[in-house]
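Understanding the architecture of this molecule
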Amino acid sequence: MQDDETDRDAKVQEPRLWCDDGWTARVIKNQDDDGWAVEMIMDGEDEPALVGPWTMGRDKKNPKPLDASAFYTLVKTATEVLRRHEQQLHALLHKSLKVRTASARLTIKLDIVPDDDNPSATLSACDEAGEQLAQVEVPTSFKLTPDSAAEWIANDFRKPGR
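Let me sum up the structure you'll find in this document. Quantities reported herein were computed from a predicted structural model and do not represent experimental measurements.

1. Some details on the pairing of strand E4 (residues 36-42)
In terms of burial, E4 is a largely internal element, 6 of the 7 residues being buried. Here strand E3 (residues 23-29) runs beside E4; their pairing, made up of 7 bridges, is antiparallel. Across the sheet, Trp23 pairs through a bridge with Met42, a residue of E4. Counted between consecutive antiparallel strands, the loop separating E3 from E4 contains 6 residues.

Written out as structure tokens, the structure reads:
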């Protein structure tokens, strides 16, 4: 069994295929034109995190071979793409805004839990000290805006009718 583990962890450093550090870089025929592309796939994933154009070799027919410098630049770029995707998803699912009332400044948050079977969303309000004042379940389609937050506060934090 140890040989199987060693095979999986082995580095591959071929002109059109590099595997190392949890990533696979594969030079492929570009579907959009006559050139070449490179795809970066994180181990365990089905879809590439990054697909981009790849340089032609000196013969202007075959792709330039992968090398260590190019591979690690591609790893860095693909990792950054995944990080940005995660940040964007987090921003879509967790919204927050500040609302000033006559007596306090409140933080209103909308947290959405995507789930294929039972998605949910929670609207909450906290004071400046971070003390939770209210929390209600809302539809995942609820839009948190300054107006909807002010309306919720004005209605004594009752569940919005939207």
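Back to the text.
2. Observations regarding the sheet that holds strand E1 (residues 12-14)
Read from one edge to the other, the open sheet built from 5 strands follows the order E1-E2-E3-E4-E5, with strand pairing classed as antiparallel. For this open sheet the edge positions go to E1 and strand E5 (50-54), each flanked by a neighbour on one side alone. If you compare each strand with its neighbour and ignore which way they point, the axes differ by 20° on average. Note: E4 against E5, 5 bridges, orientation antiparallel. Following the sheet pairing, Ala37 is matched in E5 by Pro53.

3. Considering the environment of Pro119
Along the polypeptide, Pro119 turns up in the loop between strand E7 (105-113) and strand E8 (120-126). Separated by 12 residues in sequence, Pro119 and Glu131 have C-alpha atoms that sit 26 Å apart. Sequence-distant contacts of Pro119, defined by excluding residues within four places in its chain, comprise Val113 and Thr140.

4. A closer look at the pattern of salt bridges
With the rule as written, the count across this model stands at 5 salt bridges. Between Lys11 and Asp20 there is a salt bridge, with its nearest N and O atoms 3.8 Å apart. Overall, Lys11 belongs to the exposed group, its relative accessible area being 56%. For Asp20, a relative accessible area of 13% gives the class buried. A salt bridge links Arg84 to Glu80; the nearest nitrogen and oxygen atoms lie 3.4 Å apart. Within this pair, Arg84 and its partner Glu80 are both found in helix H2 (residues 68-93), separated by 4 residues, close to a single helical turn. Shared partners join several salt bridges into a network, and the residues in it are Glu80, Arg83 and Arg84.

5. Overview of helix H3 (residues 146-154)
In an α-helix there are 3.6 residues to a turn, and that puts residues three or four apart on one side. All of the buried residues in H3 are Ser148, Ala149, Trp152 and Ile153. Buried positions in H3, seen along its axis, are confined to an arc of 135° and lie on one side of it. Looking at H3, the residues exposed on the side facing more than 90 degrees away from the buried face are Pro146, Asp147 and Ala154. Residues of H3 that are buried sit in contact with strand E6 (94-100), E7, E8 and strand E9 (132-138). In the segment just after H3, Asp156 is the residue with positive phi, at about 55°.

6. Describing the sheet that holds E7
Adjacent strands of a sheet form backbone hydrogen bonds with each other and so pair up, either parallel or antiparallel. Across the sheet, which stays open at both edges, the 4 strands sit in the order E6-E7-E8-E9 with antiparallel pairing between neighbours. Every interior strand has two partners, whereas the edge strands, E6 and E9, have only one. Sheet twist, expressed as the mean angle between neighbouring strand axes with direction ignored, is 15°. Where E6 meets E7, 7 bridges bridge the pair, whose relative direction is antiparallel.

What counts and how
- Residues numbered from 1 in each chain as written.
- Predicted model: local features only at pLDDT ≥ 70, side-chain atom pairs only at ≥ 80, totals over all residues.
- Heavy atoms only, no water.
- Buried < 20%, exposed > 50% of the residue type's maximum accessible area, 1.4 Å probe, protein only.
- Helix = DSSP H or I, 4+ residues; strand = E, 2+ residues; numbered from the N terminus.
- Pairing = 2+ DSSP bridges.
- Axes fitted to C-alpha atoms, helices over the stretch in contact; angles between N-to-C directions.
- Contact = heavy atoms within 4.5 Å.
- Salt bridge = Lys/Arg side-chain N within 4 Å of Asp/Glu carboxyl O.
- Arc of directions from axis to C-beta.

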